[in-house]
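# Breakdown of the fold
What follows is the residue order along each chain.
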Amino acid sequence: MSAVATTATKLLLSDLAPTLKNVPSDYIRPISDRPNLTDQAHISDGSIPLIDLQGLYGPRRSDIIKQIGQACQHCGFFQVKNHGISEAMINNMLSIARTFFKLPESERLKIYSDDPSKPTRLSTSFNVKTEKVSNWRDFLRLHCYPLQDYVHDWPLNPPSFREDVGDYCTSVRGLVLRLIEAISESLGLPSDYIDKEALGKHGQHMALNYYPPCPQPELTYGLPGHTDPNLITILLQDDVPGLQVLRDGNWVPVNPIPSTFIVNIGDQMQVLSNDRYKSVLHRAVVSRDKERISIPTFYCPSSDAVIGPAKGLVDQDLPAVYRDFTYAEYYKKFWNRGLATECCLDMFKASSTV
C-alpha cells in the first residue's frame, strides 16, 4: 500500500506515523518552503528575552514593565519565570497531554472533528478541509473561558482531565491578566485599558499539540510560519526543541527552559498598539526521533468585541494604522486563509479597500 493510500485509512497522524518510513506526499512542502535544518543557528537560551516577574507588584514593577515593553516592541516574543504557576501544575499538564495522545485510537476518536466551529475537538494538521499541504501535527482544541460553558464537553479520559486542565486554564488566565495590565502600562495607557476597554467579554482557548517523530523532518513542518490572530499567546512546551521565531530575517530556535512560559504578541495586540508592538512570524519544526508536546493558550477578544488602535495612541502625527473591526470578522478571514507568512492585518489597514 502506498503512503498516500495509507493516509486515507487513518484520521490522526499519531496513529499513522509509527508505520511510516517516508513522509507521505501530502505532507511534503515545496522545495522553496522547507525547513533548512542543516543551516540553523545553534540553539541559544538568549534567542528571546527572559523576564523575571518576581516583584511585578513591588519595587521592581517599573523595571519589569519596561522590559516587557521593549520585548513587545523589538521581539514580539519573550519568556517569563517566577510567573506564579507551580512546577507541579506545569509538569502535570504536560503529563496529561502525553497520556491523552497515548490513549487507544478508538477513545481519542470519540471527539474527532474537522469542523473548526466546534469548541472541543481533536483533529490533525490545521484545516484539513482547505489546506493543500498537511502539517505534521495532531491537536486537541479546547475553549476554556468562561470555563463553565465548555468544560462539560471536554474529554473524560484521562480521568483527572477536566479538573486538572480546568485549574491550569484558570491559572494561565490569571497570568494573562497580569501581563496585559503590564503591557497596557508599557504603552502609556491606563493599566486596565486592554482588560476593560478592548476585549469585550474576553475569550480563551487552548491547544494540546502532539508532534510525532518524523522520518524526514527536512521535508515538512509541524506548523509553517504564521502569526497568531489572537491578542496574546502563552506557550508551555516540553523539553524537545521545535519552536522557531523569525528575527532579522533568520529563523531562530528557542530553547525550552524548564518551568518557564513563552509569551508572544498576537495580531490584535499589534492593532491595539497601533503598530508599536509587533506580531511576529513563528513556526514549529519536527524531530526525527523525538515526539514533542506544546500547549499554547490563546487569549483573545470575544467575537463581538470591536478592535481598533487605542485612542490614546492615535494623534495627528500617529494616525490610526487600522480600521475598526470585530474579532469575528478577523478570525473568519484568518481561518479561511489558513496559515501563511503574509499576515491578515494588511486587509484591515485604515487605507485598505479590501
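The sections below set out a description of the structure shown in this document. Each chain has its residues counted from 1, running along the sequence as written. The predicted nature of this model means local features are confined to residues of pLDDT at least 70 and side-chain atom pairs, given and counted, to a pLDDT of 80 or more, with totals for whole chains, interfaces and linings taken over all residues. No hydrogens and no water enter the side-chain calculation; it runs on all heavy atoms of the structure.

This part takes up the sheet that holds strand E6 (residues 223-226). Strands are treated as partners if at least two bridges between them are detected by DSSP. Think of it this way: any DSSP run of H or I at least four residues long counts as a helix, any run of E at least two long counts as a strand, and we number them from the N terminus. The four strands lie next to each other as E6-E11-E8-E9, forming an open sheet whose pairing is antiparallel. Edge positions in the open sheet fall to E6 and strand E9 (250-253), since each of these has one partner strand only. Along the sheet, successive strands turn relative to each other by an average axial angle of 20 degrees, direction set aside. Here four bridges tie strand E8 (residues 243-247) to E9, and the two strands are oriented antiparallel to one another. Looking at E9, one finds that leucine 246 is bridged to tryptophan 251. Only the stretch in contact is used when a helix axis is fitted, and all axes are lines through C-alpha atoms; the angle between N-to-C directions ranges over 0 to 180 degrees.

A word on the sheet that holds strand E12 (residues 292-300). Here we have eight strands laid out as an open sheet, ordered E1-E2-E10-E7-E12-E5-E4-E3, and mixed in their pairing. The strands lining the two open edges of the sheet, one partner per strand, are strand E1 (50-52) and strand E3 (120-124). Between one strand and the next, the sheet's axes are offset by a mean angle of 25 degrees, whatever the strand orientation. Note on contacts: a residue pair qualifies if any of its non-hydrogen atoms lie within 4.5 Å across the two residues. Most of the contacts of helix H4 (residues 87-101) go to E12, to which it runs at about 115 degrees, and overall it touches E3, strand E4 (138-145), strand E5 (203-211), strand E7 (232-237), strand E10 (261-265) and E12.

This part takes up the pattern of salt bridges. Any carboxyl oxygen of Asp or Glu within 4 Å of a side-chain nitrogen of Lys or Arg constitutes a salt bridge here. Counting across every chain of the model gives 14 salt bridges. Residue lysine 102 is joined to glutamate 291 by a salt bridge in which the shortest nitrogen-to-oxygen separation is 2.9 Å. In this pair, lysine 102 sits in the loop between H4 and helix H5 (105-108) while glutamate 291 sits in the loop between strand E11 (282-284) and E12, placing the two residues 189 residues apart along the sequence. Buried means the residue's accessible area, taken with a 1.4 Å probe over protein chains only, is under 20% of the maximum for its type, while exposed means over 50%, and partly exposed covers the values in between. Taking relative accessible area as the criterion, lysine 102 reaches 53% and is therefore assigned exposed. Its relative accessible area of 24% is what places glutamate 291 among the partly exposed residues.

Turning to its location among the elements, valine 133 is positioned in the loop between E3 and E4. Excluding anything up to four places from it in sequence, valine 133 contacts Asp26, Tyr27, Ile28, Arg29 and Ser125.

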